[in-house]
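Architecture at a glance
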Amino acid sequence: MEDIERHATAAWRGGADCVELRIDDFTDDPGRIAAFLESHDRRKWILTCRSITQGGASTAAPSDRAKLLLAARGRSRALIDFEYADFSAFSNGCRQLQWARAGSDGDTATGILSQHAFDGEPPDVAALLAAMAKIDRRIIPKVAYAPIDIAGCFPALDAMHAARTAVIAIAMDEAGLWTRVLARKFGTFGTYASLDDSCTTAAGQIDLATARGLYHWPSINAETRVFGVLGDPVAHSMGPRLFNGWFEQHGINAVYLPLRVSRERSCLSRFLDGCKDREWLDLGGFSVTIPHKEAMLKYVGSGADGLATSIGAANTVVAADKKWTAHNTDCYAAIDSLCAALGCDRGDLSGLSVDVLGCGGAARAVLAGLRAFGCCVTVYGRSPEKTCSVAQTFGATAKPWIQRAETSCEVLINATPIGMSSDEDSSPMPSASLERRRIVFDLIYNPLETKLLGDARSLGVATLNGLDMFVRQAAAQFEVWTGQMPDLDAARRIVMESLLQRQTGESSV
Ligand code: NAP
């Protein structure tokens, strides 16, 4: 009971409109819960005793769960959430399960019927919700399922968009995050958020502070435009922090979400086709990150601008109209970041010798910029054909990956993911080969100091991480989408603080 009171108080303080009380393993006297709920009856409550088969912890029979819930609700107005499968199997013969039809208080919701699916196949969400809603108009129907990937979220979004009454439709897991946040846009009953990471009740659930603070849940409405970063992985992206802050500062009604589009099963094209078919999503655009930049350019086709086409990769999509356009803001962001670190202008780069590691989307953007301003570039990749083709496209020299430590151009740029937060102990270069460089530039910004940069710094070589480039390319995206330029210094501070907080948090765990 003490936990219940403490957690509920924290939820109200955090801005929750309604608190779900989970009594799956409650063995105390339910009358104590009833007394508590009755004494806080001006608050909104959901009372749930989730069965093991539906993702909870209760092993009790349906009729025993129903009895427990009714006793714990007492005379309060708490909404009882009950499993739809058990309700439909037992409701005719079990008086305790008649709660959904009880009461005569007009249109006020009396409870929630819910169905959870964890096997990856989206159920027929609309049909399920309709069947539940038929039982009584005062029932709030809820469906939550684990989507196979982000494209598997469309049934939940379609159901929320089409619903004429309060419903709950959730795609779980990381890929389903947008269904949780956009629930507000579609005016549905609400979304579930945990108090913190230790209290999540379903995979992919965000916490209350993130829902309200990062995604500005209270300000989302039917007109909110939707932006996001699509890639795999995207959980580490600082994009939501930056763009949601900029939208708020500039008074733009929009939300920016991490959209995990996996590499498998042609997920990207299924996701993009699904977005195109749904104008009501009010999509504004996407940031595109690893590994989709090249595929995105192909997808947008003739809508790509000259720079993105010559680079062969798009990191920015404007998706406002039926005709999408694609752009590349990495190129000038990388060049301007390097110039700022070297204390020179773009024109002063002419003749600079540069080694570039990797030949993916970011490397191509960097190469295009370096060559456009007259640098002599050598590119190192692990695939000989790809490396030669990239080098030829941009007039650079191709060398095998194995030879990367044998030269020492003035500038070394790492455009591979080696050393990212998931692989922090790795460096793409033996440290001895970093001597005599003028600067080592790692495009990675999380962590702020990769092993590569740490090694360079300990040899007294100047270093540059990817933070400034990240902020510049993001600001250019914001300008493409909104016509407004955000404050770069403030953005650098925000990203830096968030990364440091994350690193301290991670290391103290
Ligand atoms: P990408 O398109 O997937 O390209 C990655 C490149 O790295 C590919 O050439 C890949 O080789 C190579 N690579 C990956 N693992 C390797 C390994 N173990 N050994 C050798 N080569 C390896 O990714 P991207 O979009 O270019 O991004 C690359 C990095 O830049 C990422 O860390 C990303 O976070 C960073 N980035 C930062 C910014 C910023 O604003 N700071 C912007 C863009 C990118 P294969 O071609 O053989 O697969």
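Up top you'll find the structure we're talking about.
The structure reproduced in this document is the subject of the present report. Every value quoted in this text rests on a predicted model; they were computed, and no experiment measured them.

1. Digging into the pattern of salt bridges
Tallied over the full model, the rule gives 26 salt bridges. Arg22 serves as the salt-bridge partner of Asp24, at 2.8 Å between the closest nitrogen and oxygen. Given a relative accessible area of 12%, Asp24 falls into the buried group. Arg22 gets classed as partly exposed once you look at its relative accessible area, which sits at 28%. Among the salt bridges present, the one from Arg65 reaches Glu83, with a minimum N-O distance of 2.7 Å. Here the residue Arg65 occupies a position in helix α3 (residues 62-73), and Glu83 occupies one in strand β3 (residues 79-83), the gap between them amounting to 18 residues.

2. Focus: the environment of Ile4
Mapped onto the secondary structure, Ile4 falls in helix α1 (residues 2-13). Taking relative accessible area as the criterion, Ile4 reaches 15% and is therefore assigned buried. Spatially, the C-alpha atom of Ile4 lies 55 Å from that of Gly312, the residues being 308 residues apart in sequence. Those residues within four positions of Ile4 in sequence are excluded, and the remaining contacts are Leu21, Phe26, Ile33 and Phe36.

3. Comments concerning the packing of aromatic side chains
Applying the stated criterion to the full structure yields 18 aromatic pairs. Between Phe186 and Trp280, the aromatic rings sit 5.7 Å apart at their centres with planes inclined by 75°, giving edge-to-face as the arrangement. Highlighted residues: Phe186 in the loop between α7 (177-182) and β7 (193-194) and Trp280 in the loop between α10 (267-276) and β11 (283-288), separated in sequence by 94 residues. Residue Phe186 is classed as buried on the basis of its relative accessible area, which comes to 15%. The class for Trp280 is partly exposed, based on a relative accessible area of 23%. Ring geometry for Phe227 and Phe247: centres 5.0 Å apart, planes at 35°, overall tilted. Highlighted residues: Phe227 in strand β9 (residues 225-231) and Phe247 in helix α9 (residues 239-249), separated in sequence by 20 residues. A single burial state applies to Phe227 and to Phe247, both of which are buried. Joined through ring pairs, the aromatic side chains of Phe227, Phe243, Trp246, Phe247, Tyr256, Phe478 and Trp481 make up one cluster.

4. A word on the sheet that holds β11
The strand order β10-β9-β11-β12-β13 describes an open sheet built from 5 strands, whose pairing is mixed. Strands at the two margins of the open sheet, each flanked by one partner only, are β10 (254-260) and β13 (325-327). Within this sheet the neighbouring strands show an average axis-to-axis angle of 20°, counted without direction. Judged from the 5 bridges that link them, β9 and β11 form a sheet pairing that is parallel. Residue pairing across strands places Val226 opposite Leu283, the latter belonging to β11. Sheet strands in contact with α10 are β9, β10 and β11, and its direction is about 160° off that of β11.

5. Considering the pairing of strand β17 (residues 411-414)
Side-chain alternation along β17 places Val411 and Ile413 on one buried face and Leu412 and Asn414 on a second face that is also buried. Across 4 bridges, the pairing between strand β14 (residues 353-357) and β17 is parallel. Pairing of Val356 across the sheet is with Ile413, part of β17. Inspection of the sheet shows β17 paired to strand β18 (residues 439-442) by 4 bridges, in the parallel sense. Note that in β18 the partner of Val411 across the bridge is Ile439.

Criteria and cut-off values
Residues numbered from 1 in each chain as written. Predicted model: local features only at pLDDT ≥ 70, side-chain atom pairs only at ≥ 80, totals over all residues. Heavy atoms only, no water. Salt bridge = Lys/Arg side-chain N within 4 Å of Asp/Glu carboxyl O. Buried < 20%, exposed > 50% of the residue type's maximum accessible area, 1.4 Å probe, protein only. Helix = DSSP H or I, 4+ residues; strand = E, 2+ residues; numbered from the N terminus. Contact = heavy atoms within 4.5 Å. Phe/Tyr/Trp six-rings, centres within 6.5 Å; stacked < 30°, edge-to-face > 60°. Pairing = 2+ DSSP bridges. Axes fitted to C-alpha atoms, helices over the stretch in contact; angles between N-to-C directions.

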